[in-house]
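So you can see what is in the structure, the chains are spelled out below.
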Amino acid sequence: MSNNTLKHLALIMDGNGRWAKQQGLNRTKGHEAGAEVIRHITTYCATHPTIETVTLYAFSTENWKRPKYEVDFLMKLLARYLQSELKTYQEENIRFIAIGDTSKFSKTLRDQINSIEEKTKNNSSLTQVLALNYGGRDEIVRAVNTIIKNGQEVTESSIGMELDTPYQDIDLLIRTSGERRVSNYLLWQLSYSELFFTKTLWPDFGTAELITIIDEFIQRTRRFGGI
Ligand code: FPP
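Residues numbered from 1 in each chain as written. Predicted model: local features only at pLDDT ≥ 70, side-chain atom pairs only at ≥ 80, totals over all residues. Heavy atoms only, no water.

1. Focus on the confidence of the model for the chain
Across the chain, the average pLDDT comes to 94, with 97% of residues at or above 70. The spread of mean pLDDT over the elements of the chain runs between helix α6 (residues 156-162), the lowest at 94, and strand β5 (residues 172-175), the highest at 98. (pLDDT = per-residue confidence, 0-100. Helix = DSSP H or I, 4+ residues; strand = E, 2+ residues; numbered from the N terminus.)

Written out as structure tokens, the structure is:
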């Protein structure tokens, strides 16, 4: 019998653009609908008995290649989302953390991110991690550079400690929209994760499907290299 425990859930939220196109809408409408889904999924995770952390890929280091109007829209949507979420974070006891290299973001957005991290730092029902200007290779390179600068030895443990997401291996990764790629996401932390790919586009993803996937995750046998 399997007894997998889901503590850390990671999500690649893909398919906003295709969803909008299917509805005859502008891609930005897909991102707006996607932000609503983040809200529902996070609230569900906060009530789940074992989930401690949910890490969502909101903006990758490659997303800057998108048209300027779409990048600008995503930045504004993020600011709007964070502003409206603060109340929920406090009511539902959710801690907010951003990972990735946010130095490329505007000062206003960085200040907003820091302020929400500070205000929610003692919340304990769930940690919601947003990966922002995040790349898995970039995270590892930044960690190794910090270790070298500190004159420490480069080991699995020292790298693990210097990552943006210390101490947190991923138990389950879900990617929506039918793509079967990891796309430079949490490369170090995904080493032994269970991977799930669903054809559902992110704006159509919901709690019911998440529950089905979690049920399957619980049944899977995780051997972590053993037998
Ligand atoms: C992928 O859809 C989605 C992203 C660029 C990242 C996820 C972003 C959101 C859910 C928007 C809201 C985020 C926050 C934090 C407010 P896509 O555009 O790649 O879809 P496509 O592959 O169908 O074009």
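Now that the structure has been shown, the text picks up again.
2. Observations regarding the site of the ligand
Residues in contact with the ligand amount to 20 residues; listed here are only the nearest, M13, G17, R18, R27 and R66. Within the side chain of D14, one N or O atom sits 3.1 Å away from an oxygen atom of the ligand. Interatomic distance of 2.7 Å between a backbone N/O atom of R18 and an oxygen atom of the ligand. Look at the ligand: alone it shows 620 Å² of surface, and the protein chains cover 91% of it. Counting residues per element, the ones that place at least two in the shell around the ligand are α1 (16-22), α2 (27-47), β2 (53-60) and α3 (68-91). The dominant element in the shell around the ligand, judged by the number of residues it contributes, is α2, at five residues. (Near = heavy atom within 4 Å. Polar contact = N/O pair within 3.5 Å; in protein donor to acceptor, adjacent residues only side chain to side chain. Areas by Shrake-Rupley, 256 points an atom, 1.4 Å probe, with all protein chains shown as cover.)

3. Overview of the packing of α3 against helix α4 (residues 107-119)
Look at α3 against α4: their axes get within 11 Å of each other, and the N-to-C directions meet at 15 degrees. As judged from the angle between their axes, α3 and α4 are roughly parallel. Our pair here, α3 against α4, has a crossing hand that is left-handed. On the side of α3, the interface is formed by M75, L78, A79, L82, Q83, L86, Y89 and Q90, while α4 contributes L109, Q112, I113, I116 and K119. A breakdown of the residues in the contact of α3 with α4 according to their chemical character gives nine nonpolar, three polar and one charged. (Axes fitted to C-alpha atoms, helices over the stretch in contact; angles between N-to-C directions. Parallel < 35°, antiparallel > 145°, perpendicular 65-115°, else oblique. Left-handed = near helix turned anticlockwise from the far one by under 90°. Contact = heavy atoms within 4.5 Å. Nonpolar A, V, L, I, M, F, W, Y, C, P; charged D, E, K, R; others polar.)

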